[in-house]
Amino acid sequence: MDRRIVITGGGGFIGSNLAELHTGRRDHVTVIDNFSTGDKFIKGYNQTVLPFDLSVHQDMGMIEDALSDADLVYHMAGSVGVKYVDQDPRGTLRNSFNINNNMFPLFEKYNNRVIFASTSEVYGNTEEARETDTLNIGSPDTLRWGYACAKLMSEFLLKTYAFPHTIVRFFNVTGKGQLSKYGMVLPTFVELAKQDEDIIVYGDGTQYRTFCDIRDAVNMLEIVSGDGHIGEIYNIGNTENVLTISQLAETVISVMNSKSKIVYRSHDDDFSEHFGEIYKRKPNTDKMNQYYTPIHGTPSIIKSMI
C-alpha cells in the first residue's frame, strides 16, 4: 500500500476511472458518492466505498475518518450532464453550493491535498480558453450560466481556505464507460450508431468541441496532484481532437461502419428555454502540455467505447 486516496464523486465517470488507476497502483482508495448519477465503482483490492450524500448536513464522522489520514483528495462530487443541469437547474446549483460548503472546512481542518474539479463552462463561448483569460459567461437570463457561475464561485470560495489545492477545468472528457443518459454527446452518438438509429444533431451542427479521452485525463490528473502544482489552474483537454458536432457524428458513423443517418433538430424540441447553446469551446492547453501530451485521437476514443 503506497498512499491513501479519497475520491468524492468516485462513482461517476471520471471518479471511477481515478479509482481504477489508483487501485492499480496498489493505493488504498476511499470512494464517496451518493450514486445518484454514478453507476460504476471498483470493487476490489484496497478499496472502501462510502455511500454518502455530501450535500446534506449530517454526521460526517466516516468522512472525517477518511480525510484525517488521506494523502490526496480528488474532489469530483457535483452535478454533471447537460440534461441533468437543464432539467433541474435549482437542484444543480444547490447541490454544488452545499457540497462545497460542507467539504471545504473539512479539507482545511485536515490540511488535505485537494484536486478540485471545475469545468470549461466557466469560460462561456470561447475559441481558445486560457487559464488566465477574462471569462465570457453569458446572460443571467439563461439559467445554464448559473452552473458556470456556481463552479466559478466554488473556485473563489476554495481560495479563501488554507488547504493546498489545484483546480482543473475539464473540456469534454469522454471515453469507455461514460453513460449517455445525462446528455453526454459522444456516448449518445455511439449508442445510437450501435443500433443503426438516427443520430440527432441539434442546431446546424457547426458548433464545435474538443474531446479528451478519459485515459489521458486521469494521467493528467495524477501529474497535477504533485506538490509542484499547488495553487495552479489547469485546462484538461485535447486540442488535437477538434470537431464540429456534425463532423463528430460523421466520424462515429464511419468508425463504427454504422447505417445511422444524421438528423438535424432544433434545441427547442428537447431542451428548455434556459439551455443556452455553446457554439465554440476549445481550450488552450500549453500549460498542461509542459507535463503531458494526450495520445488518443477521436477514432481511438470511439473504438474504446464500442
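Please refer to the structure placed before this passage.
Reference entry: report on the structure contained in this document. Residue numbering note: each chain is counted from 1, following its sequence as written. Side-chain atom pairs in this predicted model are given and counted only at pLDDT of 80 or more, local residue features only at pLDDT of at least 70, and totals for whole chains, interfaces and linings cover all residues. Side-chain descriptors were evaluated using all non-hydrogen atoms of the structure, hydrogens and water having been removed beforehand.

## A few points about the overall build of the protein chain
Okay, so step 1: Each helix and strand counted, the protein chain has 10 helices and 15 strands in total.
Okay, so step 2: With a 1.4 Å probe rolled over the protein chains alone, any residue whose accessible area is under 20% of its type maximum counts as buried; one over 50% counts as exposed, and the rest are partly exposed. Within the protein chain, the fraction of its 306 residues that count as buried is 55%.
Okay, so step 3: We call two residues contacting when some pair of their heavy atoms lies within 4.5 Å. Taking contacts inside the protein chain between residues at least 6 apart in sequence as the whole, the part at least 24 apart equals 78%.
Okay, so step 4: Each accessible area is a Shrake-Rupley estimate made with a 1.4 Å probe; only the visible protein chains count as cover when residues are assessed. Carbon and sulfur atoms provide 48% of the accessible area of the protein chain, an area that totals close to 13700 Å². The secondary structure listing takes helices from DSSP runs of H or I that are at least 4 residues long and strands from runs of E that are at least 2 residues long, numbered from the N terminus.

## Remarks on the pairing of strand β1 (residues 4-8)
Okay, so step 1: Extensive coverage of β1 is indicated by the burial of four of its five residues.
Okay, so step 2: Two elements, β1 and strand β2 (residues 28-33), share five bridges in a ladder whose sense is parallel. Residue isoleucine 5 lies in a different strand from β2, and its bridge partner there is valine 29.
Okay, so step 3: In this view, the connection linking β1 to its parallel neighbour β2 by way of helix α1 (residues 13-24) has right-handed handedness.
Okay, so step 4: Pairing between β1 and strand β4 (residues 72-75): four bridges, direction parallel. Paired with threonine 8 across the two strands is histidine 75, which belongs to β4. Between any two strands, at least two bridges found by DSSP are needed for them to pair. Crossovers are marked right-handed if the path from the first strand over the helix to the second runs clockwise, as seen with the strands pointing away from the viewer.

## Here's the deal with empty space enclosed by the protein
Okay, so step 1: Detection works on a 1 Å grid of protein atoms alone, calling trapped sets that fit a 1.4 Å probe cavities and calling open sets with protein on both sides within 12 Å along at least five of seven lines pockets, with lining residues defined by an atom within 4 Å of a point. Grid points are joined across faces, edges and corners, and a volume is the space filled by probe spheres set on the points. All told, the structure shown has one cavity of 30 Å³ or more when counted by the stated rule.
Okay, so step 2: Roughly 60 Å³ of internal volume is contained in the largest cavity.
Okay, so step 3: Surrounding the largest cavity, His75, Ala77, Gly78, Ser79, Thr92, Ser96, Asn100, Phe116, Tyr147 and Lys151 form its lining.
Okay, so step 4: For the lining of the largest cavity, the elements supplying multiple residues, two or more each, are α4 (89-109) and α5 (144-158).
Okay, so step 5: Looking at which element gives the most residues to the lining of the largest cavity, the answer is α4, with three residues.
Okay, so step 6: Any residue that is not Ala, Val, Leu, Ile, Met, Phe, Trp, Tyr, Cys, Pro, Asp, Glu, Lys or Arg is counted as polar, Gly included; the first ten are nonpolar and the last four charged. Here the residues of the lining of the largest cavity are counted per class, giving three nonpolar, six polar and one charged.

## A few points about the pattern of salt bridges
It is possible for side chains bearing opposite charge to pair when their charged atoms get close.
Okay, so step 1: Salt bridges are defined by distance alone: a side-chain nitrogen of Lys or Arg within 4 Å of a carboxyl oxygen of Asp or Glu. What the rule picks out here adds up to eight salt bridges.
Okay, so step 2: Two residues, arginine 4 and aspartate 69, come together in a salt bridge whose shortest N-O distance is 3.2 Å. Residue arginine 4 is located in strand β1, and its partner aspartate 69 is located in the loop between α2 (61-68) and β4; the two are separated by 65 residues in the primary sequence.
Okay, so step 3: When its relative accessible area of 38% is taken as the criterion, aspartate 69 is described as partly exposed.
Okay, so step 4: Taking the shortest distance from any N to any O, the salt bridge between arginine 215 and aspartate 213 comes out at 2.8 Å.
Okay, so step 5: Residue arginine 215 is classed as partly exposed on the basis of its relative accessible area, which comes to 35%.
Okay, so step 6: The class of aspartate 213 is buried, set by a relative accessible area of 0%.

## Brief notes about the nonpolar core
Okay, so step 1: Take the buried Ala, Val, Leu, Ile, Met, Phe, Trp, Tyr and Cys residues and link them wherever side-chain atoms come within 4.5 Å; each set so joined is a nonpolar core. Ile14, Tyr74, Met76, Phe170, Val173, Leu221 and Ile236 are the most contacted members of the largest nonpolar core, which totals 29 residues.
Okay, so step 2: Secondary-structure elements contributing two or more residues to this core are β1, α1, β2, β4, β5 (114-119), β7 (165-170), α7 (214-224) and β12 (233-236).
Okay, so step 3: Tallying contributions element by element places α7 first for this core, with six residues.
Okay, so step 4: Counting 23 residues, the second-largest nonpolar core is a separate cluster that includes Leu54, Ala77, Leu158 and Ile233.

## Observations regarding the layout of surface pockets
Okay, so step 1: Approximately 220 Å³ is the volume found for the second largest pocket.
Okay, so step 2: What lines the second largest pocket is a set of 10 residues, among which Asn17, Glu20, Ile214, Arg215 and Val218 lie closest to the centre.
Okay, so step 3: Tallied by class, the residues present in the lining of the second largest pocket amount to three nonpolar, two polar and five charged.

## A closer look at helix α8 (residues 245-255)
Okay, so step 1: Of all the positions in α8, only Ile245, Ser246, Leu248, Ala249, Thr251, Val252 and Ile253 are classed as buried.
Okay, so step 2: In the segment just after α8, asparagine 257 is the residue with positive phi, at about 50 degrees.

## Let's talk about the sheet that holds β4
Okay, so step 1: The strand order across the open sheet formed by seven strands is β3-β2-β1-β4-β5-β7-β12, and the pairing between neighbours is parallel. A strand with exactly one partner marks an edge of an open sheet, and here the two such strands are β3 (47-51) and β12. Each strand axis lies, on average, 20 degrees off the axis of its neighbour in the sheet, ignoring direction.
Okay, so step 2: Two strands pair when backbone bridges link them, and β4 and β5 are joined in this way by three bridges, in the parallel orientation. Its bridge partner being in β5, tyrosine 74 is matched across the sheet by isoleucine 115.
Okay, so step 3: Lines are fitted to the C-alpha atoms to define the axes, a helix being fitted only along its stretch in contact, and any angle between axes, read from their N-to-C directions, falls within 0 to 180 degrees. Where α4 meets the sheet, it contacts β1, β4 and β5, and its direction lies at approximately 170 degrees from that of β4.

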